[in-house]
Each structure stands twice: as structure tokens, then as C-alpha cells.
Amino acid sequence: MDPTNKPKGPSPHYSLYQREVFKRGGETGILPSFSVHAEELVESTKKKLNDRGYFYANSNAGLGWTDRANREAFYRWRIIPRMLVDTNTRDLTTEIFGHRIPAPIMFAPIGINKLYSPKSELVPAKIAGELGLPYCLSTAASNSIEDVAAANDEGASITNESNSVHSYSGPNGGNAKGPRFYQLYMGHDDEITVSLLERAWKAGFDVCMLTVDTWQLGWRPTDINLANYVFYYPPGKTGNELGESDPVFMKKYGKAQQEDTGKWIDSSVWHGKPHSWAKIPWVIETWKRISGGRPFVIKGIQSAEDALKALEVGCEGIVVTNHAGRQVDGAVGSLEVLPEIVEAVGGKMKIIFDSGIRTGSDVFKAIALGADVVEVGRLYVWGMAHEGEAGCRHVMKSLLADLDITMTVGGYQSIRKDVYRNPKAVRWNPYGVYPKGEHAKL
């Protein structure tokens, strides 16, 4: 861990963050104010948030079996370490839709961040910019598209001026200082959809990610118990900010929004009226026209058949996710179905993995099974719930250090050359018994 004896490589020595924490503790007695151990982190988050905030981030569909299935799948896949491999430098870099990024990790789209920090989405957007990692903004955000873009640029500016390893260049580099995606919840008013996509593109979001598994919220008993739907509570502002900043929505429905604070969310986000495959060519064509042909991704794929259909209709990528177990109870774990989806479409489109990532080893396993990058969601929310920017930064830098150290001690030098789609890097254990207890809550 001697920083004076570290040769420069393609990636930053993320592992030195561990040494930084150790050294600060030893020399000054200053320790981290919260644990980044996932089980302990979720428990300490309970003490930082009120019930509505905590359960909105952590509620699951039904009995939580799908959430548990996500973690069970990670438990059953085991890494096979290799010895006497030169890992003095690691290459964690990869490419996603023309963006060269320092690690295969991106910030997942999570709505209503104001429940976790007063600065809401501005926090993870800025930290993503600092780290050079892609940030994806949710349509259910509690900030405007433009303000979040500015926060992301602010973070990227800090990094690009101080660390050339993270310096960003990408296909939309003229409009953005860091890679960022826009996650679309598509209502049934096409004029509003067009307005949202135009605003996203102008603000430098150059990949569109359409969520197709959440036309309405799943049955989540812990939210039901609290009537946990923040849009209906006074002052009726939280969660509506992105919609109320849209000129088309406000021109058509502004008065209705004043009379019913659920108008935006109920008509344009979780409206309960599913689209079908027949609508997808229109939204792809619309996005391509607005963006000059930039990629379109569908989020919510859990079967090889749907992955092939997404490829057929013109998607450049998919997100393999079950919405972190929040939509359909008793469903397959995302990591369970990843290998068959990769076999069906791997190499023909980008595959983003989501649902259940907690550690660097989890990232490693998902990449080994064929994901190009992974999305992290609850982890950064838990961090920002503790200390805002500092908490979010601590959690994400810890995850990067964890992945870097796993590569070092596990004997894998390059994430793309040695880990990506490498069946010899992991092994399935069908007989493993997943531990009971607090694990089930993750």
C-alpha cells in the first residue's frame, strides 16, 4: 500500500483509498462516521431517515423474495482467484456507447432524491462527475434536468482539472463534461415525451434509457403501511420538480397540477397504462432524430426473448434488471438470467447489469458473466443519507477500492481482457446455502 512504490497504470490506484482511511485513523484518530459494510450501512440508514424516506429507498415487492433472489445469485457465483499474476497495475477502464470510463460502474437512476438529502440529485450527479463515472437521471427526479446537468459538469470540472486519468472525452463532449444518461418514464402524451427528450439532449444527456418494468409501482407492503407516496403530501412539491420545470407539461397541465399535486406523477411517470412493443419504434425514432442518432436502451429486461426483441426493434443496449426486486415478487434474480441473456445477444448490444450490487466482488461477478457495466443505486443513496456529498463520495470510492483490491489479490489485471465474459473466472455453486438474517434485507 506504499503510494511511493506504485507504478502508473491505465487506472487510478483506487486501492489507496483504503490506505488513506487507515492513515487518517492512525495519525489523527479520525475514523469514518459510518460503516460501508452493506449490512451495517442499511441498518445505520434507518437512523438517518424518517420512515417514509427509509422505506421508499428500501421497500420491496411483496415478501421481498425477488430482492433476496438477487443476493442469493451473487452468493452462489464464486470467484476463482489466480496466483502469481502481475497485478501491480490494473486496468479497470471500459467503454460504454463511446464513453471511455475509468471503471465499469455507473450511477443508477433513482427518483425523489430529496428524501435522502436536501440537495437531492445534485449530490450523486456531482460525485459521478468527480469520479468520471456515468450518471443516469430519473424522470421522477426532484430537480430539473438542467440543474442536474450543471451539478454533473461541476464535479467533472474538478476532476478534469486535477487528474488527467479521469479526463473525459466522449461523443457528446461538446455538450457535457462527463458521461450522462437520461432515464425516461414515458407517459401517453407524446408532446411531453418529446419535450423531455429535447431538454435532456440539450443538457448533455446523450443516451436514452426507457424503463419498461414500472408503468405503476409494484405492491410494496412496507410503503402501503405508511401510505408512502410523497407526491400527495403537503406541500406537494417533492418529486414533482422535474415535471413542473417542463414548459410543455406546465402549459398543458399546470392548472391541473396546482389542483392535484399527483397530476405529474400519475399521468407522466407511474401512470398505470403500459405501452407495448408497438410503441417502441416511435420513441426510438424520436430520440434518434433529436440526438442525431445516439443510443437507445431499454431498462427492465429479464428474459432472453425480450432481449432479442429489444435488439430486433433497434435498441443498442438493455439493462438487465428486476428494479432491485421492487416490482414483481417471486421473480428470478437478475444475475440468474444474465448468462442466458448474454448468450442470446452478447456482442450485438451493450448489456448493463442492475439489481443487487453491493461490493466490488459483485461487480467482478457481473462483468465475468457478460455485463459491460453495472449500475449501483441503493449504495449511493445510503451514503448520501448519512453525509450528503461526503457520504455519497465515501461509499462510491469504497466500492471502487473494493473492486480494485479484488482484482489485485484475485490475480486479474484487466477488467476487459481478463474478467469480461470469462467463464473461468467464476463458478456456480448449486449447493450453497444463503445465510439467513440481515442478508435478506439487502
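All values reported here derive from a predicted model rather than from experimental measurement. Counting from 1, residues in each chain are numbered in the order their sequence is written. The predicted origin of the model limits local features to residues at a pLDDT of at least 70 and limits the giving and counting of side-chain atom pairs to 80 or more, whereas totals for whole chains, interfaces and linings rest on all residues. By convention in this description, side-chain values take in all heavy atoms of the structure and omit both hydrogens and water.

Here we take up the overall build of the protein. Secondary structure summary: the protein contains 17 helices and 12 strands in total. As defined in this context, the radius of gyration uses C-alpha atoms, and a globule is described by 2.2 Å times the residue total to the power 0.38. Its C-alpha radius of gyration of 21 Å places the protein within 12% of the 22 Å reference for a compact globule of 442 residues. The principal-axis extent of the C-alpha atoms belonging to the protein is close to 65 × 50 × 50 Å. Accessible surface is estimated by sampling points in the Shrake-Rupley manner with a 1.4 Å probe; for residues, cover comes only from the protein chains shown. In the structure as shown, the protein presents an accessible area of about 17800 Å², 53% of it carried by carbon and sulfur atoms. Under the counting rule used here, the positive set is Lys and Arg, the negative set is Asp and Glu, and His together with the chain ends is not counted. Here the site of a charge means NZ on Lys, CZ on Arg, CG on Asp, or CD on Glu. For the protein, the centre of its 51 positive side-chain charges and the centre of its 51 negative side-chain charges are spaced 3 Å apart. Labels follow the DSSP assignment, with helices taken as runs of H or I lasting at least four residues and strands as runs of E lasting at least two, numbered in each case from the N terminus.

Here a salt bridge means any side-chain nitrogen of Lys or Arg lying within 4 Å of a carboxyl oxygen belonging to Asp or Glu. Under the counting rule described, the total for this entry stands at 25 salt bridges. Between Lys-309 and Glu-312 there is a salt bridge whose closest N-O contact spans 3.6 Å. Of the two residues, Lys-309 and Glu-312 both sit in helix H13 (residues 304–313), 3 residues apart, roughly one turn of that helix. Between Arg-416 and Asp-372 there is a salt bridge, and its shortest N-O distance comes to 3.2 Å. Highlighted residues: Arg-416 in helix H17 (residues 415–419) and Asp-372 in the loop between helix H15 (360–368) and strand E11 (373–376), separated in sequence by 44 residues. Relative accessibility under 20% of the residue-type maximum defines a buried residue, over 50% an exposed one, and the middle range a partly exposed one, all with a 1.4 Å probe and only protein chains included. Overall, Arg-416 belongs to the partly exposed group, its relative accessible area being 31%. You can call Asp-372 buried: its relative accessible area is 4%. One continuous salt-bridge network, built from bridges that share partners, spans Lys-119, Lys-126, Glu-130, Glu-154, Glu-389 and Arg-393.

This next bit is on the environment of Ala-150. Structurally, Ala-150 is set in helix H6 (residues 145–162). Assessed through its relative accessible area of 44%, Ala-150 is described here as partly exposed. The spatial distance from the C-alpha of Ala-150 to the C-alpha of Thr-28 is 35 Å, given a sequence separation of 122 residues.

When the UniProt feature table is mapped to this numbering, "active site" (unreviewed entry) covers His-323. With respect to the secondary-structure elements, His-323 resides in the loop between strand E9 (317–320) and helix H14 (334–345). A contact between two residues is defined here by any heavy atoms of the two lying within 4.5 Å. Leaving out residues up to four positions away in the same chain, His-323 has contacts with Tyr-185, Thr-211, Asp-213, Thr-214, Arg-220, Lys-299 and Ser-355. UniProt positions are given in the numbering used here, feature names are shortened, and annotations may be inferred rather than shown by experiment.

Let us now look at a negative patch on the surface. What makes a patch is a set of residues exposed beyond 30% relative accessible area and free of salt bridges, joined within 9 Å when like-charged and within 5 Å when nonpolar (Val, Leu, Ile, Met, Phe, Trp, Tyr). Together, Glu-305, Asp-306, Glu-336, Glu-340 and Glu-343 make up a region of like negative charge exposed at the surface. Within the residue set of the negative patch, elements represented by two or more residues are H13 and H14. Counting residues per element, the negative patch draws most heavily on H14, which supplies 3 residues. You can see Glu-336 is positioned in helix H14.

Our focus in this paragraph is the environment of Val-395. Within the secondary structure, Val-395 is located in helix H16 (residues 378–410). Between the alpha carbons of Val-395 and Gln-216 there is a distance of 30 Å; along the sequence they are 179 residues apart. Here Val-395 is in contact with Phe-34, Val-36, Leu-41, Leu-379, Tyr-380 and Gly-383, once residues within four sequence places are set aside.

Once that is clear, we can look at empty space enclosed by the protein. Here a cavity means grid points, on a 1 Å grid over the protein atoms only, where a 1.4 Å probe fits yet cannot get out; a pocket means an open set of points with protein on both sides within 12 Å along at least five of seven lines; lining residues are those with an atom within 4 Å of a point. Grid points are joined across faces, edges and corners, and a volume is the space filled by probe spheres set on the points. Under the counting rule described, the total for this entry stands at 1 cavity of 30 Å³ or more. By volume, the largest cavity amounts to about 430 Å³. In this structure, the largest cavity is lined by 32 residues; those nearest its centre are Pro-109, Ile-110, His-323, Ala-324 and Arg-326. If you list the elements that add at least two residues to the lining of the largest cavity, you get helix H3 (51–58), E11 and H16. Sort the elements by how many residues they give to the lining of the largest cavity and H16 lands first, with 3 residues. In this classification, the charged set is Asp, Glu, Lys and Arg, the nonpolar set is Ala, Val, Leu, Ile, Met, Phe, Trp, Tyr, Cys and Pro, and all remaining amino acids, among them Gly, are polar. Class assignment for the residues of the lining of the largest cavity results in 15 nonpolar, 9 polar and 8 charged.

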